[in-house]
Amino acid sequence: MYNEIYKNSKIRKPYNKIFDWAKSLPENVIVKKKNEAESLFKKIGITFSVYNNFNSTERLIPFDMFPRIISGTEWKKIEKGIVQRAIAINAFLNDIYHSGDIIKAGLIPDYLIYKNPSYEVKMIGFKVPKRVYSPIIGSDLVRIDEKSFKILEDNCRTPSGVSYMIENREIMMRMFPELFEKLKIETVENYPTYLLETLKSLVPKRCESDPKIVILTPGAFNSAYYEHSFLADLMGVELVQGNDLFVDENVTYMKTTKGPEKVDIIYRRIDDQFIDPISFDSSSLIGVPGLFDSYKSGHVNICSAPGAGVADDKAIYTFMPEIVKFYLGEEPILENVKTWKCYRYQDRKYVLENLQKLVVKEVHGSGGYGLMIGSQATKKELQLFKKKIIEFPENYIAQPILSLSTVPIFSKNDLSPRHVDLRPFCLVSAKQTKLVSGGLTRVALKKDSLVVNSSQGGGVKDTWVINE
Amino acid sequence: MLSRTAENLFWSARYIERADSLARLLEVGYRISLIPNTESGYINEWESILETSGIKDLYLKKYNKISKEKIIFFLLFDSENPSSITNCIKNARENIRMVRTAVTLEVWNAVNSSYHDLEINITQTKNVLKELPEIIEWVKKQVNLIRGTILNTQLINDGYDFLILGTYFERADFTARIINVKYFILLPSVNYVGSEVDNFQWSMMLRSISSFRAFKWAYGEEEINYIKIIDFLILNMTCPRSLIFSIEKINHHLDRLTKFYKQNSLAKSKVKLMYNKFKKLNADTISDLGLHEFLKSFIIDIDLIYRELEKKYFFGINQ
């Protein structure tokens, strides 16, 4: 197990100052600051909503004030690796919705793509604006040892959490301004500006003037609603719901107090199937009838493109190294976590023989569904998964049970190690691919737990990239 | 501005005004229940409170008979009553939450914390009748706080106009309805003129819209009579609860919107006609026309103006 703050039982350089600072804090300061921070979060309204009848309880994501630190050198590698991957992902999407060269080259079995539930047949042959399918990519990284960050998964549809990255920093700056004077911490506050530039560059074919950009949200009851309104506010664009938009003769408009106003670019935070009840799920009440036709006729751009999700599918994930090499002719800078593909005989044999040492994942599952951790599974579960793997090998992959790195958290008046991961947010515009120096660090607050999801007791930390 | 944003702003302000009006109505009810020997009097009063807020049928469906504790609970906290103060504040907050970024952080905080405090109020209230004065005070304070924050912190742009319009459409409607429910006590009657009953009823009515003292200031210590009350509640520009006051505000803010958007609206021309008509009216004319008829047609007209406003600004389609 790798503890990020130590090297040979000495404090590692990036953590030196912060460790001394944390150790020198008078007792109870953290408890006090924590209360202060929580009331700030509540006041600003950074909450997740849980509704039941009258009582809407609004939950805060637990925030730990010991920062996660990444050195400038480490960050450079992460940045390069993420940018490389984001470019490859978009090239891959462009290929599989057109000529399918990577399939013809025999690198990926065709059924893994064409039969993938996230593959959108209606997108075949359509030229998306600037060939950018997925302009916002949030890849989850884990650190195994001092040397290597590895990519655990990619999120190409509508990754969330970026508002926490920004607000966590705001809170830290208000709580401990002295730290920001002493240390050279890279800022993350440019993210909304970059996001706006990125969206602005992705103009559809039939947009003659300055593009009108909106964010499309499922509504105030969505758990990420705060993030949607936060981004709209910081970018100065309208936050719309499906019924604020309508399509007339393939042109998309929003209803305003001045009458209809043409919309050119939609940053949608709703899933593919809900976008348009005419073209997709007809029971969708949050979509816009006719929007997909408006999109395909080049009047409006939808970001990310429908069908972009196929690239973050777990079955495709296993091919990322090949995808990077195929389109960029480069070796991947960031490695995948070692993955066994059960449809391959050798892999399957290994998996079946070593189930207890592995995490088995259903390829289309997400959010912890269809997942089995071998070391914690009962005999019955092991048997069940064995059977499933033999029956539908192409539906399963397996990975070693990862020991995520740890970073201390403030626990009572002491420091105590907890497992963390990292999600940087990469932006792909028509001209460039970039990210702000930072990301969202999620932390498992329960001792020894490896689950960092906020729905299961996870919290967040501010993430600092410090240039030495 | 997005049509829905305008609509959410309008309705949040409208719900806040409604909560305020209800609190004042309840205050009168409470006052009357403290006066001895008015057993039948207070029953009538509670009934007319239900009528004014337009929820008498709903109440009777649930509770069958008039009981002051039940009515108070119904008006304050009952979630099944769409116009309870609780639901008004809840709706105001939901509307603001939908357009969180169209208001300042201060306005959001004022509305948001009212809502959270209300939840605490509900769970801590043991005896609604006994604690009514504190609860009413609290509601009025919250409303004033929210409104003050709007005045002090909002940009004076189109969003501000919609907030103010929501307030005055609600107020115009409410004042008209409260006079209408009580119009019979304003009728000149040989038996009543100058009697104790008259004075009592009139003062209660003035109190229900918080204008008792204001009336005294406006008309001095002269004898109260119904013509003066009609004048005060309908035609007096200095009384913030009078109909003409609300009409003037609606006229002003609709005018601002037509200039701001450089587009005319039917709502604007209609309210302008109404305002000009009101300026020429006097209380005797209204009395001759028949107060009840006058109010009835006012309530219909102001609603028609609202429909025009809705069509123009909230539906987002060209006319």
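Residues numbered from 1 in each chain as written. Chains lettered and ligands numbered in written order. Predicted model: local features only at pLDDT ≥ 70, side-chain atom pairs only at ≥ 80, totals over all residues.

Notes on the overall build of chain B
Regarding its fold elements, chain B presents 16 helices and zero strands. A compact globule built from 319 residues would reach a C-alpha radius of gyration of about 20 Å, and chain B, at 20 Å, matches this within 12%. Each principal axis of the C-alpha distribution contributes one length, and for chain B these read about 55 × 50 × 35 Å. Of all 319 residues assigned to chain B, the portion counted as buried reaches 45%. When contacts within chain B are restricted to residue pairs at least 6 apart in sequence, those whose partners lie at least 24 apart make up 70%. (Helix = DSSP H or I, 4+ residues; strand = E, 2+ residues; numbered from the N terminus. Rg over C-alpha atoms; globule rule 2.2 N^0.38 Å. Buried ≥ 20, exposed ≤ 12 C-beta atoms within 10 Å, placed from the backbone. Contact = placed C-beta atoms within 7 Å.)

Quick notes on the overall build of chain A
A tally of regular secondary structure across chain A gives 14 helices and 25 strands. Relative to its length of 468 residues, chain A is compact, with a C-alpha radius of gyration of 23 Å against a globular reference of 23 Å. Once the C-alpha set of chain A is aligned to its principal axes, its extents read approximately 65 × 60 × 50 Å. Put simply, chain A has 468 residues, and 43% of those count as buried. Residue pairs in contact within chain A that sit at least 24 positions apart in sequence constitute 69% of those at least 6 positions apart.

Section: the sheet that holds strand β19 (residues 396-400) of chain A
All names here are of chain A. Pairing within the open sheet is antiparallel, and its four strands lie in the order β16-β19-β17-β18. Sheet topology places β16 (340-341) and β18 (371-373) at the edges, where each strand pairs with a single neighbour. In terms of strand pairing, strand β17 (residues 358-362) meets β19 through five bridges, oriented antiparallel. Bridge pairing in β19 places Lys361 opposite Ile397. (Pairing = 2+ DSSP bridges.)

Thoughts on unusual backbone geometry
Residues and elements named next belong to chain A. Cis geometry is found at the peptide bond from Cys303 to Ser304, where omega equals -5 degrees. Assignment of secondary structure puts Ser304 in the loop between β14 (301-303) and α11 (314-317). Positive phi is not limited to glycine here, since Lys130 has a value of about 55 degrees. For Lys130, the position within the fold is in the loop between α5 (110-114) and β6 (136-143). A tally of 17 C-beta atoms within 10 Å means that Lys130 is categorised as partly exposed.

A closer look at the interface of chain B and chain A
Size of an interface, as often reported, equals the accessible area lost when the parts are brought together. Facing 21 residues of chain B, the contacting portion of chain A comprises 18 residues. Listing elements by their share of the side of chain B that touches chain A, those giving two or more residues are α1 (3-34), α5 (85-98) and α6 (105-124) of chain B. Of the residues contributing to the side of chain B that touches chain A, the split by class is nine nonpolar, eight polar and four charged. (Nonpolar A, V, L, I, M, F, W, Y, C, P; charged D, E, K, R; others polar.)

Brief notes about the sheet that holds β14 of chain A
Residues and elements named next belong to chain A. If you walk across this open sheet you meet the four strands as β9-β8-β13-β14, and the pairing is parallel. Of all the strands in the sheet, just β9 (238-240) and β14 have a single pairing partner and so form its edges. Within the sheet, the average angular offset between the axes of one strand and its neighbour, ignoring direction, is 30 degrees. Sheet analysis places strand β8 (residues 213-216) next to strand β13 (residues 265-268), joined by four bridges and oriented parallel. Bridged to Leu216 within β13 is Arg268. The strands touched by helix α9 (residues 225-235) are β8 and β9; relative to β9, the strand with the most contacts, the crossing angle is about 150 degrees. (Axes fitted to C-alpha atoms, helices over the stretch in contact; angles between N-to-C directions.)

Considering the domain arrangement of chain B
Residues and elements named next belong to chain B. Per the domain assignment, the segments of chain B are domain 1 (1-154) and domain 2 (156-319). One C-alpha centre belongs to domain 1, the other to domain 2, and the line joining them spans 21 Å. Contact residues are listed per partner, giving 24 residues for domain 1 and 25 residues for domain 2. Looking at the side of domain 1 that touches domain 2, the elements that each hand over two or more residues are α1 and α2 (39-52). (Domains from an automatic or database assignment.)

Quick look at α9 of chain A
All names here are of chain A. α9 sits mainly inside the fold: nine of its eleven residues count as buried. Where the residues of α9 are buried, they touch α6 (162-175), α8 (191-201), β8 and β9. Where α9 ends, the next residue or the one after it, Gly236, has phi of about 70 degrees, a positive value.

Some thoughts on the nonpolar core
Counting residues in hydrophobic clusters, the biggest one holds 212 residues, and the most contacted among them are Val214, Ile215, Ile266 and Ala398 of chain A together with Ala19 and Ile85 of chain B. Residue contacts for Ala19 of chain B: discarding those within four places in its chain leaves Ile85, Cys88, Ile89, Val139 and Val143 of chain B. (Core = buried A, V, L, I, M, F, W, Y, C linked by C-beta atoms within 7 Å.)

Focus: the domain arrangement of chain A
Residue and element names in this part refer to chain A. For chain A, the assigned domains read domain 1 (12-204 + 300-336 + 403-466) and domain 2 (340-400). Centre-to-centre, using C-alpha coordinates, domain 1 lies 26 Å away from domain 2. Taken together, the contact between domain 1 and domain 2 spans six residues of the former and six residues of the latter. Tallied by class, residues from the side of domain 1 that touches domain 2 come to two nonpolar, two polar and two charged.

Concerning the pairing of strand β21 (residues 414-423) of chain A
Taken residue by residue, a regular strand's side chains alternate between the two faces of the sheet. Residue and element names in this part refer to chain A. Direction of pairing for strand β20 (residues 406-411) relative to β21: antiparallel, over a ladder of six bridges. Bridge pairing links Ser411 to Asp414 in β21. With antiparallel pairing between neighbouring strands as the criterion, β20 and β21 make up a hairpin whose turn holds two residues, including Lys412 at a positive phi of roughly 55 degrees. For β21 and strand β24 (residues 440-444), the ladder comprises four bridges, and the chain directions are antiparallel. Pairing of Leu422 across the sheet is with Thr441, part of β24.

Describing the environment of Val142 of chain A
All names here are of chain A. With respect to the helices and strands, the residue Val142 is situated in strand β6. Separated by ten residues in the primary sequence, Val142 and Leu152 have C-alpha atoms spaced 6.5 Å apart. Setting aside anything within four residues of it in sequence, one finds Val142 in contact with Lys150, Leu152, Leu402, Leu404 and Asp421.

Focus: the pairing of strand β22 (residues 425-428) of chain A
Residues and elements named next belong to chain A. Here β22 shows no split at all, with Phe425 and Leu427 on one side and Cys426 and Val428 on the other all buried. Looking at chain direction, β6 and β22 are connected through three bridges and run antiparallel. In the sheet register, Ile136 faces β22, and the bridge partner there is Leu427. Where β22 meets strand β23 (residues 433-435), three bridges bridge the pair, whose relative direction is antiparallel. Across the sheet, Cys426 pairs through a bridge with Leu435, a residue of β23. Connecting the antiparallel pair β22 and β23 is a turn made up of four residues.

So, helix α12 (residues 320-328) of chain A
Residues and elements named next belong to chain A. Every buried residue of α12 is listed here: Met320, Ile323 and Val324. Considered in projection along α12, the buried side chains sweep an arc of 100 degrees and stay on one side of the axis. Buried residues along α12 sit against α3 (72-96), α11 and β15 (335-336). Gly329 sits one or two residues past α12 and shows a positive phi near 65 degrees. (Arc of directions from axis to C-beta.)

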